[in-house]
Amino acid sequence: QVQLVESGGGLVQAGGSLRLSCVAPRSIFSLSIMGWYRQAPGKQRELVAAITSTGTTNYADSVKGRFTISRDNAKNTVYLQMNSLKPEDTAVYYCNAGTIAWGQGTQVTVSS
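The present account deals with the structure reproduced in this document. (Residues numbered from 1 in each chain as written. Predicted model: local features only at pLDDT ≥ 70, side-chain atom pairs only at ≥ 80, totals over all residues. Heavy atoms only, no water.)

**Quick look at the overall build of the protein chain**
(1) Moving on: Regarding its fold elements, the protein chain presents one helix and 11 strands.
(2) Moving on: For the protein chain, whose C-alpha radius of gyration is 13 Å, the value lies close to the compact-globule estimate of 13 Å for 112 residues.
(3) Moving on: Projected onto the principal axes, the alpha-carbon positions of the protein chain cover approximately 40 × 30 × 20 Å.
(4) Moving on: Taken across its 112 residues, the protein chain has 43% of its residues classed as buried.
(5) Moving on: Taking the intrachain contacts of the protein chain between residues at least 6 apart in sequence as the baseline, contacts between residues at least 24 apart amount to 53%.
(6) Moving on: Surface exposure of the protein chain reaches about 5900 Å², of which carbon and sulfur atoms provide 49%. (Helix = DSSP H or I, 4+ residues; strand = E, 2+ residues; numbered from the N terminus. Rg over C-alpha atoms; globule rule 2.2 N^0.38 Å. Buried < 20%, exposed > 50% of the residue type's maximum accessible area, 1.4 Å probe, protein only. Contact = heavy atoms within 4.5 Å. Areas by Shrake-Rupley, 256 points an atom, 1.4 Å probe, with all protein chains shown as cover.)

**Quick notes on the pairing of strand 7 (residues 67-72)**
(1) Moving on: Across the two faces of strand 7 the burial differs, with Phe-67, Ile-69 and Arg-71 buried and Thr-68, Ser-70 and Asp-72 not buried at all.
(2) Moving on: Pairing of strand 7 with strand 8 (residues 77-82) involves six bridges; the strand directions are antiparallel. Looking at strand 8, one finds that Phe-67 is bridged to Met-82.
(3) Moving on: Between strand 7 and strand 8, which pair antiparallel in sequence order, lie four residues; one of them, Asn-76, sits at a positive phi of approximately 50°. (Pairing = 2+ DSSP bridges.)

**Points about the side chain of Thr-77**
(1) Moving on: Among the secondary structure elements, Thr-77 is positioned in strand 8.
(2) Moving on: Its relative accessible area of 6% is what places Thr-77 among the buried residues.
(3) Moving on: At 2.8 Å, the side chain of Thr-77 forms a polar contact with the backbone oxygen of Lys-75.
(4) Moving on: With sequence-adjacent residues up to four places away left out, Thr-77 is seen in contact with Ser-21, Cys-22, Val-23, Phe-29, Ser-70, Arg-71 and Asp-72. (Polar contact = N/O pair within 3.5 Å; in protein donor to acceptor, adjacent residues only side chain to side chain.)

**Quick notes on the packing of aromatic side chains**
(1) Moving on: Under the criterion given, the structure shown has one aromatic pair.
(2) Moving on: Over the aromatic face of Tyr-94 sits the side chain of Arg-45, whose NZ or CZ is 3.8 Å from the ring centroid.
(3) Moving on: In this structure, Arg-71 packs its charged tip against the face of Phe-29, placed 4.2 Å from the ring centre. (Phe/Tyr/Trp six-rings, centres within 6.5 Å; stacked < 30°, edge-to-face > 60°. Lys NZ or Arg CZ within 6 Å of the ring centre and 35° of its normal.)

**So, unusual backbone geometry**
Glycine aside, residues mostly have negative phi angles, and peptide bonds mostly take the trans form.
(1) Moving on: Even without a glycine there, the phi angle at Asn-76 is positive, about 50°.
(2) Moving on: One can find Asn-76 in the loop between strand 7 and strand 8.

**Observations regarding the sheet that holds strand 1 (residues 5-7)**
(1) Moving on: Within the open sheet, the four strands sit side by side as 1-3-8-7. Their pairing is antiparallel. In this open sheet, the two edge strands, each paired with only one partner strand, are strand 1 and strand 7. For this sheet, the mean inter-axis angle between neighbouring strands, taken without regard to orientation, is 15°.
(2) Moving on: Where strand 1 lies against strand 3 (residues 18-23), three bridges are found, and the strand directions are antiparallel. The residue of strand 3 that forms the bridge with Val-5 is Val-23. (Axes fitted to C-alpha atoms, helices over the stretch in contact; angles between N-to-C directions.)

Next comes the structure, spelled out in structure tokens:
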């Protein structure tokens, strides 16, 4: 039932790094804008970063300069490299394809 599968979350100290991965079916990956969203307890889900099929990227202001979204078309995979992590980055991170398919989410916890 889950069309997208995220991995790479975990516990990291402030200032550390994590790399999230998301694998999608080729039929969805090739035709969709891929995005990473996050949701903290009691807060709305927000867009973190997005990338088009041609490689154009967009980032939330809060993560610009720290996070990098990329894609490997041969592996049907999108990545989110997260550097200089802050406690406020703590959330469940979800992979999205064209707003029609979602992953189960992967927990990212950044300690002070």
